[in-house]
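# Remarks on the overall topology
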Amino acid sequence: MKKVMILGAGSGQVPFLKICRSKGYEVIVVSVPGDYPGFKLADKFYFVDTRDKDTILKIARDEKIDAILTDQTDVSVPTVAFVAEKMDLRGIGYETALKFTDKYLMRKAAKEAGVGVPAFDRAFNVAEAVDIAEKIGYPLIIKPVDSSGSRGVRRIDSPEDLKKEFDATKHYSLSGTVILEGFIEGKEYLVDGYAMDYEYCNLDLGIKEQFNLPGMYMSKMCMFSSAKRIKDRVGQMVLEANKKLATSMRLPFGITHAEYRYNKAEDKVYLIEIAARGGGDYISSDLTALASGFSTNEPLVDYIVNGNIHKANFDKLDDKVAAWLGVAFPADGIVRYIKGLENLQHIHGVYRHHMDNIFIGKKVHPPTDDTGRYGLILIHADTEDECYKIIGKAKNTLDIEIETADGIKKQIW
């Protein structure tokens with residue numbers, strides 16, 4: 001029986017866990033303690049921070065594992081690569097993993113590849129940040145150099161803003177490092193792709209819409225069209241930049257999830273970030289497959305565990321669209337009323353919904369980053385226009401009210 005170690009026990013690991021269980025593998029989960037669904041699917045688990053690569057390497061050696069995996073989280077990617085490298089297992093390489101998780105190294109790699117990046121530098125304290133900001137100019141964006149989920153991402157318009165926000169952003173950095181970069185106006189795009197034996201294939205192109213919350217960048221909807229559907233010039237520019245970057249970074253295998261911004265005035269595509277793992281919010285497990293017809297997870301697990309090579313064929317991709325839609329709340333409150341939840345699944349084009357974290361009596365809070373959304377509705381369609389219509393029907397169907405200190409308020413879309 002093959003023995004597989006999976007780092008993380010959250011919902012993002014469940015697709016890999018289910019695949020491994022269905023194949024009859026013995027599954028070892030490593031995670032910090034918590035009420036995570038992955039523990040229930042494990043044959044054995046260890047309570048260890050997934051960033052602690054030396055402790056996890058010792059456990060992996062003691063357990064004599066055959067493979068190590070993670071998905072939908074950046075913090076575990078370097079540890080997976082480190083353990084695989086030390087044990088001569090299939091992995092992407094530790095140095096490659098760092099390029100895909102450290103935003104400073106990532107931007108250096110993109111610049112070397114000829115992919116657009118705004119002016120950038122990293123700072124370890126606020127004094128360094130102020131000096132860097134003077135060189136880059138305002139407005140600018142600050143981010144933790146090694147975090148995800150839009151945690152700590154802020155637009156900065158003045159030195160006063162920078163001094164006010166720097167420590168809050170640094171708090172989310174594992175290494176205590178903040179990256180500053182020039183603010184780029186333009187439309188934001190997502191790209192999901194798949195590499196196997198150093199051959200890379202774009203699978204979908206996504207667009208996102210943000211909640212209207214000042215100074216914050218939190219997605220309320222993401223729509224993904226099969227890469228095969230993309231005919232417009234800008235969309236093709238984004239796909240070309242993504243393939244160029246993933247190829248130049250020498251990713252031997254795996255799923256990528258990337259974000260770009262297109263600046264119309266410069267007619268240029270800029271990298272926001274690229275990760276060597278599947279997109280969260282059911283992107284790698286469901287939406288990419290619904291849009292493109294290529295399901296990445298099972299072929300990837302089979303390769304990592306058994307060495308069987310499964311490549312994606314761009315010419316054979318489906319020509320469809322998929323999306324997720326999330327909700328948020330404008331204030332602290334308690335859910336007092338929910339209507340229409342049972343009708344969501346009856347809307348043609350609603351693939352599935354995940355509203356188990358919204359119920360009567362639930363305490364809710366306004367979002368501060370992408371982790372502050374509640375519930376997701378997954379949608380699939382033949383065209384973008386049809387997808388928008390289904391999103392509209394879902395919004396009109398679901399009605400949630402919360403009791404706040406300022407009275408009754410509804411969900412925001």
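Structure first, text after, so check above.
Here goes a summary of the coordinates provided. In this text, all values refer to a predicted model and were calculated from it rather than measured experimentally.

This part takes up helix α6 (residues 126–136). The set of residues buried in α6 consists of Ala-129, Val-130, Ile-132 and Ala-133. Along the axis of α6, the buried positions cluster into a sector of 170°, meaning they face one direction only. Along α6, the residues that are exposed and aim more than 90 degrees away from the buried face are Glu-134 and Lys-135. Among the structural elements, β5 (120–123), β6 (140–144), α7 (159–170) and β8 (178–182) are those in contact with the buried residues of α6. At the N-terminal end of α6, a side-chain oxygen is found 3.2 Å from the backbone nitrogen of Ala-127, two or three residues along, and the residue is Asn-125. Just downstream of α6, Gly-137 is the residue with a positive phi angle, here 95°.

Packing of helix α2 (residues 53–63) against helix α3 (residues 77–86) brings their axes to within 10 Å, and their N-to-C directions diverge by 45°. One finds that α2 runs oblique with respect to α3. Pair α2 / α3 crosses with right-handed handedness. Seen from α2, the contacting residues are Lys-53, Asp-54, Ile-56, Leu-57, Ala-60 and Arg-61; seen from α3, they are Thr-79, Phe-82, Val-83 and Lys-86.

On to unusual backbone geometry. Cis rather than trans, the peptide bond between Tyr-138 and Pro-139 has omega equal to -5°. Turning to its location among the elements, Pro-139 is positioned in the loop between α6 and β6. One non-glycine residue, Arg-250, lies in positive phi territory at about 55°. Counting through the fold element by element, Arg-250 comes out in the loop between α8 (233–248) and β12 (253–263).

Our focus in this paragraph is the pattern of salt bridges. The final tally for this structure, using the stated rule, is 25 salt bridges. Residues Asp-281 and Arg-373 are paired through a salt bridge, measuring 2.7 Å at the closest nitrogen-oxygen approach. Here Arg-373 lies in the loop between β17 (363–364) and β18 (374–381) and Asp-281 lies in the loop between β13 (268–275) and α9 (283–292), a separation of 92 residues in the sequence. What makes Asp-281 partly exposed here is its relative accessible area of 28%. Among the salt bridges present, the one from Asp-382 reaches Lys-320, with a minimum N-O distance of 3.0 Å. One end of the pair, Asp-382, is in the loop between β18 and α11 (384–397); the other, Lys-320, is in the loop between α10 (297–306) and β14 (321–327), with 62 residues separating them in the sequence. Judged by its relative accessible area of 41%, Asp-382 falls in the partly exposed class.

Pairing is parallel across the open sheet formed by 4 strands, whose spatial order is β3-β2-β1-β4. Either end of the sheet is taken by a strand with one partner, and the two such strands are β3 (44–47) and β4 (67–69). Mean inter-strand twist for the sheet, computed between neighbouring axes without regard to direction, equals 20°. Sheet topology note: the strand β2 (residues 26–31)/β3 ladder contains 4 bridges and is parallel. Along β3, the bridge assignment pairs Val-29 with Phe-45. The strands touched by α10 are β1 (3–7) and β4; relative to β4, the strand with the most contacts, the crossing angle is about 145°.

What follows is about empty space enclosed by the protein. Empty pockets left among the atoms are what a rolling probe the size of a water molecule brings to light. One pass over the full model with this rule turns up 2 cavities of 30 Å³ or more. Taken as a whole, the largest cavity spans an internal volume of roughly 240 Å³. Taken together, the elements giving at least two residues each to the lining of the largest cavity come down to β4, α3, β12 and α10. Examining the composition of the lining of the largest cavity, we find that 4 residues originate from one element, α3, more than from any other. Class assignment for the residues of the lining of the largest cavity results in 14 nonpolar, 4 polar and 3 charged. Roughly 30 Å³ of internal volume is contained in the second largest cavity. In terms of lining residues, the second largest cavity is bounded by Asp-74, Phe-100, Thr-101, Lys-103, Met-106, Ser-147, Glu-273, Ile-274 and Ala-275. Elements represented by at least two residues in the lining of the second largest cavity include exactly α4 (94–101), α5 (103–113) and β13. Among the elements that line the lining of the second largest cavity, the one with the most residues is β13, at 3 residues. Split by residue class, the lining of the second largest cavity holds 4 nonpolar, 2 polar and 3 charged.

Basis of the calculations
- Residues numbered from 1 in each chain as written.
- Predicted model: local features only at pLDDT ≥ 70, side-chain atom pairs only at ≥ 80, totals over all residues.
- Heavy atoms only, no water.
- Buried < 20%, exposed > 50% of the residue type's maximum accessible area, 1.4 Å probe, protein only.
- Helix = DSSP H or I, 4+ residues; strand = E, 2+ residues; numbered from the N terminus.
- Arc of directions from axis to C-beta.
- Contact = heavy atoms within 4.5 Å.
- Polar contact = N/O pair within 3.5 Å; in protein donor to acceptor, adjacent residues only side chain to side chain.
- Axes fitted to C-alpha atoms, helices over the stretch in contact; angles between N-to-C directions.
- Parallel < 35°, antiparallel > 145°, perpendicular 65-115°, else oblique.
- Left-handed = near helix turned anticlockwise from the far one by under 90°.
- Salt bridge = Lys/Arg side-chain N within 4 Å of Asp/Glu carboxyl O.
- Pairing = 2+ DSSP bridges.
- 1 Å grid on protein atoms, 1.4 Å probe; cavity = no way out; pocket = protein on both sides within 12 Å on 5 of 7 lines; lining within 4 Å.
- Points joined across faces, edges and corners; volume = space filled by probe spheres on them.
- Nonpolar A, V, L, I, M, F, W, Y, C, P; charged D, E, K, R; others polar.

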